[in-house]
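Examination of the molecular architecture
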Amino acid sequence: MRNDGAQNVDWAAMREHFPATESYTYADCAAVGALPQDAVDAASAAFARLSQQGMAAYLDLKQQGEAVRQQTADFFGVDKAGIGYTDCTSTSMNLLAMMARQEWETAGVRRDEVVMPKGEFPSSTLGWLHQGFTPKWVRAEPDFSYPVEKILAQVGPNTRAVVTSQVQYQTGLRMDVEALSAELARRGVWHVMNATQAAGVIPQNAAPYTAVTATAVKWLCSGLGNGIVYLSDQIRQECKLPVAGWIAQRDAFAMISDEVQLKTEASGLETGATDVVRLHVLGANLDLMQEAGPANIHARVLALNGQLMDGLAAQGAVILTPREDARRAGIVSVRHARAREWSAWAKERNLLHSVRGDDVVRFSLHYFNDEDDVAGILELWPQGPRSAS
């Protein structure tokens, strides 16, 4: 049952779905989200059916997986035809760059530049570089932001795409991707948006973008190997799918091997037999998040991380993440002169988190966290290897 925000949420009951919270202060969903027991049960049930029934179970589980595709589409606010699955964002970005290249041959136009923030996660950038695009890097402002006008200043006649994350992985900055996308559409430039650090925290609407990628291993808490890609009607009309396989054929079970008859839906990116277990894990998580309500989760994550930021600031910590709600999501990044040493010390005390670079400690609290987790982090922060700055 979807919670549209009108109902109160029992956050303590939600926390009970996540076994990791029994042993750890789990503040690392920006790296790998904790799996809820629901996902473990879904995977176990799928594996059990495959063990007992083999192919009969597979076909049934695959059909049920199409219901998960509809769930995914609803979660991202788009039509099911636009949703495809890959193994990760790196794969999705490579596929999108391959599609963008098609213009060089089909239209005789070589728009071979791609505009990207210099601080982007490598998954967003490397596929484009590997496919021969020339990067136009946008450097961050002193406050680590990337103003829309600064990005647009790099867009020129040879720009094929602008690639940005909705939330930056190092600082937790939420970018103004909505305003950027509207202007890029007016200019006829693709906007490819990586929603990995946003999906599961910020309610999603993928419809304004040319394409959206995400990996469900983080805030969607769905384990490794769950990549999601949205292809807009525009990109599916402009480009053919860049890969082929028997499952990608319009009539896969006709077993046509001498002619390529690819689907036009994004599911055509799935070239081989579907990993049905992975889809059932994703579906279990989407069910749980819909029960809590995406808007409620967003408010909960902002509140918990806001409490953490206020407490750290009161201790004199240098926080890189903007405090304004509209400019952040679930990440809180903090300077520490001995970040790696402090991190190792804190992990020995069951505080899970990440280090980025040599001097940044990154915390990422999700909806299953609580005020005791915040208090635990604040208690540990001034202790251990010093000095922090």
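This text goes with the structure placed above it.
Here goes a summary of the coordinates provided. Values in this document were obtained by computation on a predicted structure and should not be read as measured data. (Residues numbered from 1 in each chain as written. Predicted model: local features only at pLDDT ≥ 70, side-chain atom pairs only at ≥ 80, totals over all residues. Heavy atoms only, no water.)

Helix and strand counts for the protein chain stand at 12 helices and 12 strands. Here the C-alpha atoms of the protein chain give a radius of gyration of 21 Å, agreeing with the 21 Å that 2.2 N^0.38 yields for 389 residues. For the protein chain, the C-alpha atoms occupy an extent of roughly 65 × 55 × 40 Å along the three principal directions. Expressed as a percentage of its 389 residues, the buried residues of the protein chain come to 55%. Counting contacts in the protein chain only where the partners sit at least 6 residues apart, residues at least 24 apart contribute 67% of the total. Here the protein chain holds 35 positive side-chain charges and 45 negative ones, and the gap between their average locations is 7 Å. (Helix = DSSP H or I, 4+ residues; strand = E, 2+ residues; numbered from the N terminus. Rg over C-alpha atoms; globule rule 2.2 N^0.38 Å. Buried < 20%, exposed > 50% of the residue type's maximum accessible area, 1.4 Å probe, protein only. Contact = heavy atoms within 4.5 Å. Lys, Arg positive; Asp, Glu negative; His and termini not counted. Charge placed at Lys NZ, Arg CZ, Asp CG, Glu CD.)

One can describe the packing of helix 3 (residues 55-76) onto helix 9 (residues 276-292) by two numbers: an axis separation of 9 Å at closest approach and a directional angle of 40°. In terms of their interaxial angle, helix 3 and helix 9 are classed as oblique. Helix 9 is crossed by helix 3, and the crossing has left-handed handedness. In this structure, helix 3 contributes Tyr 58, Leu 61, Lys 62, Gln 64, Gly 65, Val 68, Gln 71, Thr 72 and Phe 75 to the contact, and helix 9 contributes Val 276, Leu 279, His 280, Leu 282, Gly 283, Leu 286, Asp 287, Met 289 and Gln 290. (Axes fitted to C-alpha atoms, helices over the stretch in contact; angles between N-to-C directions. Parallel < 35°, antiparallel > 145°, perpendicular 65-115°, else oblique. Left-handed = near helix turned anticlockwise from the far one by under 90°.)

Moving on, we get to the side chain of Arg 362. Residue position: Arg 362 is located in strand 12 (residues 360-364). Of the side chains bearing the opposite charge, Asp 28 lies closest to the buried Arg 362, which forms no salt bridge; the N-O distance is 4.5 Å. In contact with Arg 362, not counting residues within four places along its chain, are Ala 27, Ala 30, Ala 31, Tyr 169, Gln 197, Ile 331, Val 332, Ser 333, His 353, Ser 354 and Arg 356. (Salt bridge = Lys/Arg side-chain N within 4 Å of Asp/Glu carboxyl O.)

Okay, unusual backbone geometry next. Phi at Phe 144 takes a positive value of approximately 75°, unusual for a residue other than glycine. Checked against the element boundaries, Phe 144 lands in the loop between strand 4 (134-138) and helix 6 (148-152). You can call Phe 144 partly exposed: its relative accessible area is 27%. With a phi angle near 65°, Asn 350 is a residue other than glycine that sits in the positive phi range. With respect to the helices and strands, Asn 350 occurs in the loop between helix 11 (339-347) and strand 10 (351-352). According to the relative accessible area criterion, Asn 350 is partly exposed, its value standing at 35%.

Mapping Thr 86 onto the fold places it in strand 2 (residues 83-86). A polar side-chain atom of Thr 86 sits 2.8 Å from a polar atom in the side chain of Ser 92. When neighbours within four sequence positions are excluded, Thr 86 is seen to be in contact with Thr 91, Ser 92, Leu 95, Gly 225, Asn 226, Gly 227, Val 229 and Arg 278. (Polar contact = N/O pair within 3.5 Å; in protein donor to acceptor, adjacent residues only side chain to side chain.)

Either a parallel or an antiparallel arrangement is found when strands of a sheet pair, and the pairing is made through backbone hydrogen bonds. As summarised here, the arrangement of the three strands in space is 9-12-11, forming an open sheet in which the pairing is antiparallel. Unpaired on one side and paired on the other, strand 9 (331-335) and strand 11 (354-356) mark the two borders of the sheet. Within this sheet the neighbouring strands show an average axis-to-axis angle of 30°, counted without direction. Sheet topology note: the strand 9/strand 12 ladder contains five bridges and is antiparallel. Residue Ser 333 lies in a different strand from strand 12, and its bridge partner there is Arg 362. Strands strand 9 and strand 12 of the sheet are contacted by helix 10 (residues 294-314), whose axis makes an angle of about 15° with strand 9. (Pairing = 2+ DSSP bridges.)

All right, on to the packing of aromatic side chains then. Overall, the coordinates contain 14 aromatic pairs when judged by the stated rule. Arranged with centres 5.1 Å apart and planes meeting at 50°, the rings of Trp 104 and Phe 133 form a pair that is tilted. With Trp 104 in helix 4 (residues 89-106) and Phe 133 in the loop between helix 5 (122-130) and strand 4, the pair connects residues that are 29 residues apart, well separated along the chain. Per residue, the accessibility class of Trp 104 equals that of Phe 133, and both read buried. Residues Phe 121 and Tyr 169 carry aromatic rings whose centres are separated by 4.8 Å and whose planes lie at 80° to one another, so their mutual orientation is edge-to-face. (Phe/Tyr/Trp six-rings, centres within 6.5 Å; stacked < 30°, edge-to-face > 60°.)

The strand order across the open sheet formed by seven strands is 2-8-7-6-5-3-4, and the pairing between neighbours is mixed. A strand with exactly one partner marks an edge of an open sheet, and here the two such strands are strand 2 and strand 4. The mean angle between the axes of side-by-side strands here comes to 20°, regardless of whether they run parallel or antiparallel. Packing of helix 3 onto the sheet brings it into contact with strand 2, strand 7 (211-215) and strand 8 (227-231), and relative to strand 2 it is tilted by some 110°.

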